[in-house]
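# Examining the three-dimensional arrangement
Single-letter residue listing:
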Amino acid sequence: MEKIQNVQLNNSRLRSDIEELAAIGRDPRGGISRPSFSKADLEAREWLKAKIKDSGLNVRQDGAGNIFGRMEGEGKTIMAGSHIDTVFNGGKYDGSIGVLSALECLRRIHEENIPVKRPLEVAAFTDEEGNLVGDFLGSRAFLGLLDKNLLEKEITQFGTPLVEVLERTEFTIDSIMEAYKDRPELEAYLEIHIEQGTVLETEDKPIGIVDRIAGKRHRLCSFLGKASHSGTTPFELRHDAFLGLADFALKCTRYTASEHYGSLVTIGKVFVFPGAFSIIPEKADFSLDFRSISAETLEEMDKHFLTLADDIASTRGLEFRSAVVDKTDPVETAPRIVTLLEELCSEMEFPYQKMASGAGHDAQILASASDAGMIFIPCTDGISHAPDEKIQWEHLEKGAALLFQALLRLAS
Ligand SMILES: [Zn+2]
C-alpha cells in the first residue's frame, strides 16, 4: 500500500483564492452573477488564467473557452476541475471550489517537486450552469457532443442568441464545435463540489463519495384550450388550459412520489395566456424537469407523463404539445475511483458517506470518455444557487486534501 503524501495544501491560499474569485461579479441582491461570457465571467477568466500562470503551469484554452492548467507527464492525462460560472445571483462555492482546490493541488505538486508520472490538468469548463444553451456547454464541447443546430437556434438567458453573446468573446460557434479536437486523452477526471442537498449534514459526515449521478429530461410543454368570458361561460363549456396544467402538476407529482420515490419532477416555469382576470386561459406553457438515477425510470416517467397529459387533455377538451429540449443520462462514477476515495478516507480517518448526486455535474459528461469520480462536501442547510450558499472551511480542507491524495495516486 502506498503511503499518504506528507505534503499539506496551503489552505489559507485556497481560501483567499475563493474569496478573490467571489469578489468578481457581485450582485446587488447579495449573491454572485457570473454566467459564462458575461462581463464578470470574462474578468474571472483573465483572473484564473493569471493564477494558473503564476502557479508555474501551462495555460491552455480551447475553442469553447474551457480553461486548463497543465503539468506535463507521460501517458493519458489525469484531470480535476469544475466550473467558475454561476447562475444569476448564485453562491460563491458552487463550481469555484472544484476549480480552485484542483489548482491548489497542482500548485503544491509543482512547488514541492513531487514526482508524478502522468500529465495533470486543472480544468474550468464553460457554462456548466446552462445560461447559454442547455447545461454543460463546455464539457459537452470538450467531448464533441454538441448539436450545432441547438447552438444556432436557442436563445440564451441574456435574451439574445448565442451568436450575439459570442461577439464579446474570442469564440465562435465553429470554434465551440471544434473544441474537442485538441483535447488530451483522459485517464481520470475528479471533481470536488458542494453537495447541494442535506444528506451529509444530516449524517454528520464531512465527505461524500459520489457513486451515481442522476440524469434528467427537460421538456417544454403546452396545454391549448379556448379563451372565453369568465363571467358567462359555465364550467361544463370551458376549455381551461390552466386547469389542465394544474391537474397535470398534481398527478405527475403524486405518480412520481408513489411509484418512483427518490426520483423528482418539477414544473418551474409557467406562462398562462392571455393572462387576465376575466378571461379563461387559452394556453398554458410550462417547463417539465424530471430526474432519476435510473435510466429506465426516466424512460418510464417520460412515457407516463405523456399519457397522463393526453388523458387530461381529452377529458378537459384541450390539446397537449411537448418537446424534449435537454437531456442527460444518469451515470455511475468509475468503481475504481470510488474504491480509491474510500481507501484514502479510511487512511486519512475522514468519515464519509457513499451517495448519489441529484444534481448534474461536468463529471457526468466526462464519465463517457474517462474514469470519473466526485467528492462532495456539505453545504449549510443544503442551500445552493442562492446568495446564502455556505460551507465550513474544515470540510473543504478535508475534501481538498482527499482530492490531492487521489490525484497523486492516480498520477503516480
Ligand atoms: Zn456546480
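Residues numbered from 1 in each chain as written. Predicted model: local features only at pLDDT ≥ 70, side-chain atom pairs only at ≥ 80, totals over all residues.

### Brief notes about the overall build of the protein chain
Let me state the cut-off plainly: Each helix corresponds to a stretch of at least 4 residues labelled H or I by DSSP, and each strand to a stretch of at least 2 residues labelled E; elements are numbered beginning at the N terminus. Our radius of gyration is a C-alpha quantity, and the globule rule it is checked against amounts to 2.2 Å times the number of residues to the power 0.38. Counting other C-beta atoms within 10 Å of a residue's C-beta gives its exposure: the residue is buried at 20 or more, exposed at 12 or fewer, and partly exposed in between, where C-beta atoms are placed from the backbone. Residues are scored as being in contact if the C-beta atoms we place from backbone atoms lie within 7 Å.
In terms of regular secondary structure, the protein chain is built from 13 helices and 14 strands. Here the protein chain has a C-alpha radius of gyration of 23 Å; the compact-globule value for 412 residues is 22 Å, and the two agree. With the principal axes as the frame, the protein chain shows a C-alpha extent of 80 × 45 × 40 Å. Out of the 412 residues in the protein chain, the part that is buried amounts to 47%. Residue pairs in contact within the protein chain that sit at least 24 positions apart in sequence constitute 78% of those at least 6 positions apart.

### Brief notes about helix H9 (residues 241-259)
Note the cut-off: Expected span, for any helix, means 1.5 Å times one less than how many residues it has. Taking the helix axis as origin, the arc is that swept by the directions to the C-beta atoms.
Its 19 residues give H9 an end-to-end C-alpha distance of 26 Å, which sits within 8% of 27 Å, the value for a rise of 1.5 Å per residue. Along H9, the residues that are buried comprise Ala241, Gly244, Leu245, Asp247, Phe248, Cys252 and Thr256. Seen end-on, H9 carries its buried residues on one side only, within an arc spanning 165°. Turned more than 90 degrees from where H9 packs its buried face, Leu250, Arg254 and Ser258 sit exposed. Looking at the buried positions of H9, the neighbouring elements they touch are strand S7 (215-224), strand S8 (264-266), strand S9 (270-273), strand S10 (283-292) and helix H10 (295-316).

### Structural notes on unusual backbone geometry
Residues phenylalanine 273 and proline 274 are joined by a peptide bond in cis, for which omega reads 0°. As for its placement among the helices and strands, proline 274 is situated in the loop between S9 and S10. Its identity as a non-glycine residue notwithstanding, glutamate 349 has a phi of 60°, on the positive side. Structurally, glutamate 349 is set in the loop between helix H11 (335-348) and strand S13 (352-357). Not every positive phi belongs to a glycine, and aspartate 381 is a case in point at roughly 55°. Counting through the fold element by element, aspartate 381 comes out in the loop between strand S14 (371-377) and helix H13 (393-411).

### Some details on the domain arrangement of the protein chain
Note the following rule: Each domain span listed reflects an automatic or database assignment of domains. The residue classification treats Ala, Val, Leu, Ile, Met, Phe, Trp, Tyr, Cys and Pro as nonpolar and Asp, Glu, Lys and Arg as charged. All others, Gly included, are polar.
Per the domain assignment, the segments making up the protein chain are domain 1 (11-214 + 331-411) and domain 2 (215-328). Spacing between the C-alpha centres of domain 1 and domain 2 amounts to 34 Å. Residues that form the side of domain 1 that touches domain 2 fall into these classes: two nonpolar, four polar and two charged.

### So, the packing of H11 against H13
For clarity, the threshold we go by: Axis definition: a line fitted to C-alpha atoms, over the contacting stretch in the case of helices. Angles run 0 to 180 degrees between N-to-C directions. To sort the angles, those under 35 degrees are grouped as roughly parallel, those over 145 as roughly antiparallel, those from 65 to 115 as roughly perpendicular, and the leftovers as oblique. A crossing counts as left-handed when the near helix is turned anticlockwise from the far one by less than a right angle, and as right-handed when that turn is clockwise.
Relative to each other, H11 and H13 sit at 120°, their axes nearing to 10 Å. Regarding the angle of H11 to H13, the classification is oblique. The way H11 lies across H13 gives a crossing that is right-handed. Here H11 contributes Leu340, Leu341, Leu344, Cys345 and Met348 to the contact with H13, which in turn contributes Ala401, Leu402, Gln405, Ala406 and Arg409. Looking at the contact of H11 with H13 residue by residue, the classes come out as eight nonpolar, one polar and one charged.

### Remarks on the nonpolar core
Stated precisely, the cut-off is as follows: Residues enter a nonpolar core if they are buried, belong to Ala, Val, Leu, Ile, Met, Phe, Trp, Tyr or Cys, and are joined to the set through C-beta atoms within 7 Å.
Counting 85 residues, the largest nonpolar core has Leu403 and Leu407 as its most contacted members. If you tally residues by element for this core, the top one is H13, at 11 residues. Setting aside its immediate chain neighbours within four residues, leucine 407 contacts Ile78, Ala80, Cys105, Leu120 and Leu190. In this structure, Cys252, Phe290, Leu298 and Phe320 belong to the second largest nonpolar core, which totals 17 residues.

### Comments concerning the pairing of S14
To be explicit about the condition: One requirement defines pairing of two strands: DSSP has to find at least two bridges between them.
In terms of burial, S14 is largely enclosed, as seven of its seven residues are buried. In S14, alternate side chains face the same way, and those of Asp371, Gly373, Ile375 and Ile377 on one face and Ala372, Met374 and Phe376 on the other are all buried. With seven bridges joining them, strand S5 (residues 186-194) and S14 adopt parallel strand pairing. Residue pairing for S14: leucine 190 is matched across the bridge by glycine 373.

### Brief notes about the environment of lysine 303
Note that lysine 303 resides in helix H10. The class of lysine 303 is exposed, set by 10 C-beta atoms lying within 10 Å. As for lysine 303 and glycine 231, which are separated by 72 residues in sequence, their C-alpha atoms are 37 Å apart.

### A word on the packing of helix H1 (residues 11-22) against helix H3 (residues 96-111)
The geometry of H1 relative to H3 is characterised by a closest axis approach of 10 Å and an angle of 140° between their N-to-C directions. As summarised for this structure, H1 and H3 are arranged oblique, according to the angle between their axes. Crossing of H1 over H3 shows right-handed handedness. Here Arg13, Leu14, Asp17, Ile18 and Leu21 of H1 come into contact with H3, specifically with Ser96, Ile97, Leu100, Ser101 and Glu104.

### Looking at H1
Over its 12 residues, H1 runs 17 Å from end to end, which matches the ideal 16 Å to within 8%, given 1.5 Å per residue. Three or more residues of H1 are buried, namely Leu14, Asp17, Ile18 and Leu21. Taken end-on, H1 shows its buried residues confined to a sector of 95°, consistent with a single buried face. Those residues of H1 that are exposed and aimed more than 90 degrees away from the buried face are Ser12, Ser16 and Glu19.

### With respect to the environment of threonine 233
By the element assignment, threonine 233 lies in the loop between S7 and H9. With 16 C-beta atoms packed within 10 Å, threonine 233 lands in the partly exposed category. As for threonine 233 and isoleucine 279, which are separated by 46 residues in sequence, their C-alpha atoms are 9.8 Å apart. Not counting the four nearest positions on each side in its chain, threonine 233 is found in contact with Ser228, Arg238 and Ile280.

### Quick word on the environment of aspartate 182
On the secondary structure map, aspartate 182 appears in the loop between helix H7 (173-177) and S5. Judged by the 11 C-beta atoms lying within 10 Å of it, aspartate 182 is exposed. Spatially, the C-alpha atom of aspartate 182 lies 32 Å from that of isoleucine 32, the residues being 150 residues apart in sequence.

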